[in-house]
Amino acid sequence: TTARELCSSLLQHPDMPPVSLAALAWPHGPKDAVDVARAFEEAHLLIHATSASTRDGAAEAERALRTLPWSSLSVMTQAVDLAYARTATPFVAMAAQHGLSVTDGACMLAAQGAASFSRWTGREAPVAVMKQALAK
């Protein structure tokens, strides 16, 4: 499933509140610049869902991230990077540099671990312990 297909299916879900969702190409080309600018102006939540910022692609990701219209975002926009990393990814660093509230992939990793623990053991996961271990 592509990001655009996911957005489309979410918008058709009966429990979905009336929102606007946009999936942007990575890295974006010149033809996408207007869509990117419009999406950034309207964004309340910005989710980075590529692995481009980890390991070998970090330098290239940083260059691509610099081309985004960060100044168009409201300081109320929440930025979320789904990548798990021990240090700030280029996305996390750039979002923080632009004054956004940022969440890295550690929260998602903890939630995935908790869900897996519960499914495999049939018991409630010790989420606080898991988050402490992840922080170490």
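None of the values given here were measured: they were computed from a predicted structure.

A. Structural detail: the packing of aromatic side chains. All chains considered together, the criterion is met by two aromatic pairs. When the centroid spacing of 6.1 Å and the interplanar angle of 85 degrees are considered together, the rings of Phe-40 and Trp-70 count as edge-to-face. Remark: Trp-70 occurs in the loop between helix H3 (58-66) and strand E2 (78-81) and Phe-40 occurs in helix H2 (residues 33-42); sequence separation between them is 30 residues. Judged by relative accessible area, Phe-40 falls into the buried class, the value being 2%. Members of the aromatic cluster, connected to one another through ring pairs, are Phe-40, Trp-70 and Phe-91.

B. View of the nonpolar core. Trp-70 and Leu-73 are the most contacted members of the largest nonpolar core, which has 13 residues in total. Looking at this core, the elements with two or more residues in it are H2 and helix H4 (90-97). Among the elements that make up this core, the one with the highest residue count is H4 (three residues). Residue contacts for Leu-73: discarding those within four places in its chain leaves Phe-40, Ala-43, Leu-46 and Leu-100.

C. Representation of a nonpolar patch on the surface in the model. Together, Leu-6, Leu-10, Leu-11, Val-19 and Leu-21 line one region of the surface with nonpolar side chains, adding up to about 370 Å² of accessible area. Relative to the elements of secondary structure, Val-19 occurs in the loop between helix H1 (3-11) and H2.

D. The layout of surface pockets, seen in detail. Roughly 220 Å³ of internal volume is contained in the second largest pocket. Forming the walls of the second largest pocket are Tyr-84, Ala-85, Arg-86, Asp-104, Ala-106, Leu-109, Leu-134, Ala-135 and Lys-136. Of all the secondary-structure elements, those providing two or more residues to the lining of the second largest pocket are helix H5 (106-121) and helix H6 (127-135). Its residues assigned to classes, the lining of the second largest pocket comprises six nonpolar, no polar and three charged.

Conventions and cut-offs
- Residues numbered from 1 in each chain as written.
- Predicted model: local features only at pLDDT ≥ 70, side-chain atom pairs only at ≥ 80, totals over all residues.
- Heavy atoms only, no water.
- Phe/Tyr/Trp six-rings, centres within 6.5 Å; stacked < 30°, edge-to-face > 60°.
- Helix = DSSP H or I, 4+ residues; strand = E, 2+ residues; numbered from the N terminus.
- Buried < 20%, exposed > 50% of the residue type's maximum accessible area, 1.4 Å probe, protein only.
- Core = buried A, V, L, I, M, F, W, Y, C linked by side-chain atoms within 4.5 Å.
- Contact = heavy atoms within 4.5 Å.
- Patch = residues over 30% accessible without salt bridge, like charges linked within 9 Å, V, L, I, M, F, W, Y side chains within 5 Å.
- Areas by Shrake-Rupley, 256 points an atom, 1.4 Å probe, with all protein chains shown as cover.
- Salt bridge = Lys/Arg side-chain N within 4 Å of Asp/Glu carboxyl O.
- 1 Å grid on protein atoms, 1.4 Å probe; cavity = no way out; pocket = protein on both sides within 12 Å on 5 of 7 lines; lining within 4 Å.
- Points joined across faces, edges and corners; volume = space filled by probe spheres on them.
- Nonpolar A, V, L, I, M, F, W, Y, C, P; charged D, E, K, R; others polar.

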